[in-house]
Amino acid sequence: MSAKPMEGLRVIEVAAWTFVPAAGAVLADWGADVIKIENPVGGDPQRNLAAGGIIPASSVNFIIEVPNRGKRSVGVDLTSDEGRELLYELVRGADVFLTNFLPSTRQRLKIDVEDIRAVNPKIIYARGSGHGPNGPDAGDGGYDATSYWARTGVAAVISQGDEFPRSQPMAFGDVAGAQTIAGGIAAALFARERSGEGSVVDVSLLGYGLWNVGPSIVACELLGIPTMPSRPREQAPNPIVGSFKTSDGRFVQLVMLQSDRYWGRLCEVLDRPDLAADPRFTDAGSRATHAPACIAELDAEFAKRTLADVKTMLSLQEGPWAVHQLPIEVFDDPQIAANGYLQPVIAADGSTFHLVANPVQFDEVAPTLTRAPEHGEHTEEVLLEAGHTWDDLIDWKKKQVIS
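Reading the values: rules and limits
Residues numbered from 1 in each chain as written. Predicted model: local features only at pLDDT ≥ 70, side-chain atom pairs only at ≥ 80, totals over all residues. Heavy atoms only, no water. Core = buried A, V, L, I, M, F, W, Y, C linked by side-chain atoms within 4.5 Å. Buried < 20%, exposed > 50% of the residue type's maximum accessible area, 1.4 Å probe, protein only. Helix = DSSP H or I, 4+ residues; strand = E, 2+ residues; numbered from the N terminus. Contact = heavy atoms within 4.5 Å. Expected span 1.5 Å × (residues − 1). Pairing = 2+ DSSP bridges. Axes fitted to C-alpha atoms, helices over the stretch in contact; angles between N-to-C directions.

Draft legend 1. How the structure looks around the nonpolar core. By size, the foremost hydrophobic cluster in this structure holds 34 residues, and its most contacted members are Leu27, Leu98, Ile181 and Ile185. Secondary structure elements with two or more residues in this core: α1 (19-29), β4 (96-99), β5 (124-129), α6 (144-150), α7 (154-158), α8 (172-195), β6 (200-204) and α9 (205-212). Of all the elements, α1 adds the most residues to this core, at seven residues. With sequence-adjacent residues up to four places away left out, Ile181 is seen in contact with Phe19, Val20, Ala23, Leu98, Gly128 and Val203.

Structure follows, in structure tokens:
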């Protein structure tokens, strides 16, 4: 099997921001030729965020690079008849049409399902939205902080006990939801191989957020409660599932679910065999009954040691654990490096930076990533490939049909 299973596939993307474009980036990672259609004036509005002061300006606009790496950009004015015909021409030879434009905009631009299907009946038509294709809010826009983070209960679950809801990490719902769109497209392509018919694929931030907190939602209905109760850290029923603070202010996470299996050896590496012999802590039931005392003993032991010491200590036992790493520290993580999860990329100015590869690999081969395109960088290349002449391109440029 090829490490790029979608090689030879063509995707036409008419989308902006992060949620849906990031799905196009995943397909590009998998080998698809993803052609990003942008307005000749300005392009994807996310390109202008740095200029607006939301993201510090630099030679590499990371919020464009993450969801647009590996694509080709074509500037076409879809409000013009000639521009729309150019789009249709590209659609005729495509396998997937990917969009997050609102229903009213799709209808106005004549790029809705029936319009695209009239040009290419077997194409996979994939839509990403804030709230899904049906219902009173289907026509409304939504970002991940609203449709995913706030509305679904994700923020409530994560912020439980806080005075104010926590702020969502950057593109938190977008990039994970995008992987779901890519998976849906892959399933639709598989179905088309069997039936010969294309599907309409829908993924919404609202639906994806509900999926993320599905266990809590199901439990709350069954238990008749508004949200799952939280318990103080010191009352955890399994004291060796939780975070512990080191003497230098760092944290390690223990997830030793089979506590009787791991407890004795953990006490040994902590140089506290007496804890294993303590009648309050001899088995899982006893440790649950005396959780505050057990956790207090563990807290004291971890607080005596630096993170470096704790890492050495925990490496001598088999129970699962991890350091709460800072984002910058993942660059020095040998496991991340060994799997190629961070890939070096050459920027347009010749500098090097890294992008995170999507987590799916084929035949244990990490994808080779390339930078995001400049606005309209491939307009001429793609249209010349389609059989048009330089005279055609010059004429369209004069009319501002293309960039």
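Draft legend 2. Here's a closer look at α8. Taking 1.5 Å of rise per residue, 24 residues should cover 34 Å, and α8 covers 35 Å from first to last C-alpha, within 8% of that figure. Residues of α8 that are buried: Gly173, Asp174, Gly177, Ala178, Gln179, Ile181, Ala182, Ile185, Ala188, Leu189 and Arg192. In this structure, the buried side of α8 is in contact with α1, β4, β5, α6, β6 and α9. At the C-terminal side of α8, Gly196 shows a positive phi close to 80°.

Draft legend 3. Expanded view of the sheet that holds strand β9 (residues 321-323). In space, the three strands of this open sheet follow the order β7-β8-β9, with antiparallel pairing throughout. Looking along the sheet, the strands with just one partner apiece sit at the ends: β7 (241-245) and β9. Pairs of neighbouring strands in the sheet enclose a mean axial angle of 20°, with direction left out of account. Bridging between strand β8 (residues 251-255) and β9 involves three bridges; their strand directions are antiparallel. Following the sheet pairing, Val252 is matched in β9 by Val323.

Draft legend 4. Just the environment of Glu193, in detail. Its location among the elements puts Glu193 in helix α8. For the pair Glu193 and Ile295, spaced 102 residues apart in sequence, the C-alpha separation works out to 56 Å.

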